[in-house]
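# Survey of secondary and tertiary structure
Residue-level listing of the chains:
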Amino acid sequence: MQGGRPVVEVVRLGLVSYREALRLQQVYVDRHRSGPAHALLLCQHPAVYTTGIRQQPYPGPLLDRLRLLGADVHRTNRGGLITFHGPGQLVCYPVLHLGSFKKSVRWYVSELEETVISVCSRLGVEASSSPLTGVWVADNKICAIGIHCGRYVTSHGLALNCNTDMSWFDHVVPCGIVGKGVTSLSAELQRDVGVEEAVPHLLDAFRDRFNCRLTDGGGSSA
Amino acid sequence: MAMRVALRRLSANFSPRLPQLSPAAQVSSRLLWRSDSPRTLSSTSVLSTALKFTEKHEWVRVEGGIGTIGISKYAQEALGDVVYCGLPEVGQRLEQLEEFGALESVKAASELYSPLAGEVTEINTELAENPGLVNKACYAEGWLIKMTIEKPEELEGLMDQAAYDTFIKSLEE
């Protein structure tokens, strides 16, 4: 057996619909049935609002109103409340078997937060965690996190605002947190920071934080 | 043949009204299930109230043929503060290892797996208003569901307290 760090395959999906990304995540989740097969899916989504397992705050009519804005809407099985994904936002879905890391969801979420804090730092943005899950710059959330874990296999993940059109967030209470705002790397640095600029920093930070080896498979073969 | 006789003697010693056993008590109820006539023995009502554990850190406590299910202290610590419990409907039939719900903590939804085959008879409605009970009182008020026990032999395959404690130690190494 190879001693040492787990291997995580980087899969760059490009711009994919939320539905397609869910389908692909499931493919990678299922691969774990025959042994560890960790993957890090990277993508961007066309405008979509998503909700988590707590459905009660988001009845049908509310979601219909969001559709009228021209966004897709999806209920999901992740933790966390409503959030927005759209172009200019780096979305990352780590599909890991926590048995190769640490079998604690609380630990895993904390490591994701630290990873993103490191990304921000590398780009010159001082971010932090708080009792509210996610990554914050003062009272504004720069990265949302919401995950699902079944049989120690993770899905869903994080969404880091790079140069996202922030006005989409005006139509919801993001993550159900009243009185706080949202921000992006571009807003904080007062220059255009795109997803492609953030990706290498995310990969470096993830590799360091999770103490793993990354292989770059390129595009998805699923 | 001798086994059956020995077991009948054992079951005669159990009165219908046994006092509550502490979770750590080792009950020799396991002997009652090991038999070539499970039908006869299951009707003598196993009064085990000792906790049995799964590898997924759920516990089962059997009382009067109904199993109460919850998650262990180890599990609630690994989750963090529970903010939401997604539980099944009363009447839902579950297979062993079938997903029956999820707990949410730190924006993570973690699936729950049924330790046994059976039918859900009750869900803990307290958890709707007070999901933190799963952390504060995971073996008592933080119970999740109650269910019938369709296949008592499945209990045999679960860990007792001592085995579970050993199991946890091995995880932490």
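That block above? That's the structure.
Notes on the structure follow. Since we're looking at a predicted model, the values are computed, not measured. (Residues numbered from 1 in each chain as written. Chains lettered and ligands numbered in written order. Predicted model: local features only at pLDDT ≥ 70, side-chain atom pairs only at ≥ 80, totals over all residues. Heavy atoms only, no water.)

For the rest of this paragraph, the subject is the overall build of chain B. Across its full length, chain B carries 8 helices and 9 strands. Across the 173 residues in chain B, those meeting the buried criterion constitute 49%. In chain B, of all internal contacts separated by at least 6 residues, the share reaching a separation of at least 24 is 62%. Summed over its atoms, the accessible surface of chain B is roughly 8800 Å², and 53% of this surface lies on carbon and sulfur atoms. (Helix = DSSP H or I, 4+ residues; strand = E, 2+ residues; numbered from the N terminus. Buried < 20%, exposed > 50% of the residue type's maximum accessible area, 1.4 Å probe, protein only. Contact = heavy atoms within 4.5 Å. Areas by Shrake-Rupley, 256 points an atom, 1.4 Å probe, with all protein chains shown as cover.)

Listed as interface residues are 23 residues of chain A and, on the opposing side, 21 residues of chain B. Carbon and sulfur atoms make up 54% of the surface buried where chain A meets chain B, a total of about 1700 Å² over both sides. Across the chain A-chain B interface, the total number found is 1 salt bridge. At the surface where chain A touches chain B, the tally comes to 14 residue pairs in polar contact (both at pLDDT 80 or more). At 7 residues, strand 8 (residues 140-150) of chain A tops the list of elements feeding residues into the side of chain A that touches chain B. Here the side of chain A that touches chain B is composed, by residue class, of 9 nonpolar, 8 polar and 6 charged. (Buried area = accessible area lost by both parts, 1.4 Å probe. Salt bridge = Lys/Arg side-chain N within 4 Å of Asp/Glu carboxyl O. Polar contact = N/O pair within 3.5 Å; in protein donor to acceptor, adjacent residues only side chain to side chain. Nonpolar A, V, L, I, M, F, W, Y, C, P; charged D, E, K, R; others polar.)

Turning to the pairing of strand 8 of chain A, a few remarks are in order. Taking burial as the measure, the 11 residues of strand 8 of chain A include 10 buried ones, the bulk of the element. Both strand 7 (residues 135-137) of chain A and strand 8 of chain A contribute to a ladder of 3 bridges, which runs antiparallel. Residue pairing across strands places A:Trp136 opposite A:Lys141, the latter belonging to strand 8 of chain A. Counted along the chain from strand 7 of chain A to the antiparallel partner strand 8 of chain A, the turn is 2 residues long, and its residue A:Ala138 has a positive phi close to 55 degrees. One ladder, built from 2 bridges, connects strand 8 of chain A with strand 10 (residues 181-182) of chain A; its direction is parallel. Along strand 10 of chain A, the bridge assignment pairs A:Asn140 with A:Gly181. Linking strand 8 of chain A back to strand 9 (residues 153-161) of chain A in an antiparallel pair, the connection comprises 2 residues, with A:Arg151 at a positive phi of about 50 degrees. One ladder, built from 3 bridges, connects strand 8 of chain A with strand 7 (residues 108-113) of chain B; its direction is parallel. (Pairing = 2+ DSSP bridges.)

The subject of this paragraph is the environment of B:Trp143. Structurally, the position occupied by B:Trp143 is in the loop between helix 6 (133-136) and strand 9 (145-148). When near neighbours in sequence (up to four residues on either side) are disregarded, B:Trp143 contacts B:Trp59, B:Thr68, B:Ile69, B:Glu122, B:Ile123, B:Asn124 and B:Leu127.

Attention shifts here to the sheet that holds strand 8 (residues 118-123) of chain B. Residue and element names in this part refer to chain B. One open sheet holds the 6 strands; their spatial order is 1-2-3-9-8-5, and the pairing between them is antiparallel. Either end of the sheet is taken by a strand with one partner, and the two such strands are strand 1 (52-53) and strand 5 (93-94). Relative to strand 9, strand 8 runs antiparallel, the two sharing 3 bridges. Residue valine 120 lies in a different strand from strand 9, and its bridge partner there is methionine 147.

So, on to the nonpolar core. The biggest cluster of nonpolar side chains holds 44 residues, and the ones touching the most others in it are A:Leu90, A:Ile142, A:Leu160 and A:Leu185. Listing elements by their share of this core, those giving two or more residues are strand 1 (7-15), strand 2 (39-44), strand 6 (89-95), helix 3 (105-122), strand 7, strand 8, strand 9 and helix 5 (195-210) of chain A. Counting 23 residues, the second-largest nonpolar core is a separate cluster that includes B:Ala75, B:Leu79, B:Leu103 and B:Leu112. (Core = buried A, V, L, I, M, F, W, Y, C linked by side-chain atoms within 4.5 Å.)

Picture the strands of a sheet paired through backbone hydrogen bonds; they go either parallel or antiparallel. Residue and element names in this part refer to chain A. One open sheet accounts for 3 strands, arranged 4-3-5; its pairing is mixed. Edge positions in the sheet fall to strand 4 (72-75) and strand 5 (83-85), since each has one partner strand and no second. Pairwise comparison of adjacent strand axes, ignoring direction, gives a mean angle of 25 degrees for this sheet. Across 4 bridges, the pairing between strand 3 (residues 48-51) and strand 4 is parallel. Each residue of the ladder has a partner; that of threonine 51, found in strand 4, is arginine 75. Docked against the sheet, helix 1 (residues 18-31) engages strand 3, strand 4 and strand 5, running at close to 35 degrees with respect to strand 4. Those strands touched by helix 2 (residues 60-68) are strand 3 and strand 4, and its axis lies near 150 degrees from that of strand 4. (Axes fitted to C-alpha atoms, helices over the stretch in contact; angles between N-to-C directions.)

Our next topic: the pairing of strand 3 (residues 66-71) of chain B. Consecutive side chains of a regular strand alternate in pointing toward one face of the sheet and then the other. Residues and elements named next belong to chain B. For strand 3, the tally of buried residues reaches 5 of 6 residues, placing the bulk of the element in the interior. Here strand 2 (residues 58-63) pairs with strand 3 via 6 bridges, running antiparallel. By the bridge assignment, valine 62 is partnered in strand 3 with glycine 67. Linkage of strand 2 to strand 3, two consecutive antiparallel strands, is achieved through a turn of 2 residues, within which glycine 64 is found at a positive phi near 55 degrees. With 4 bridges connecting them, strand 3 and strand 9 associate as antiparallel partners. Bridge pairing in strand 9 places threonine 68 opposite lysine 146.

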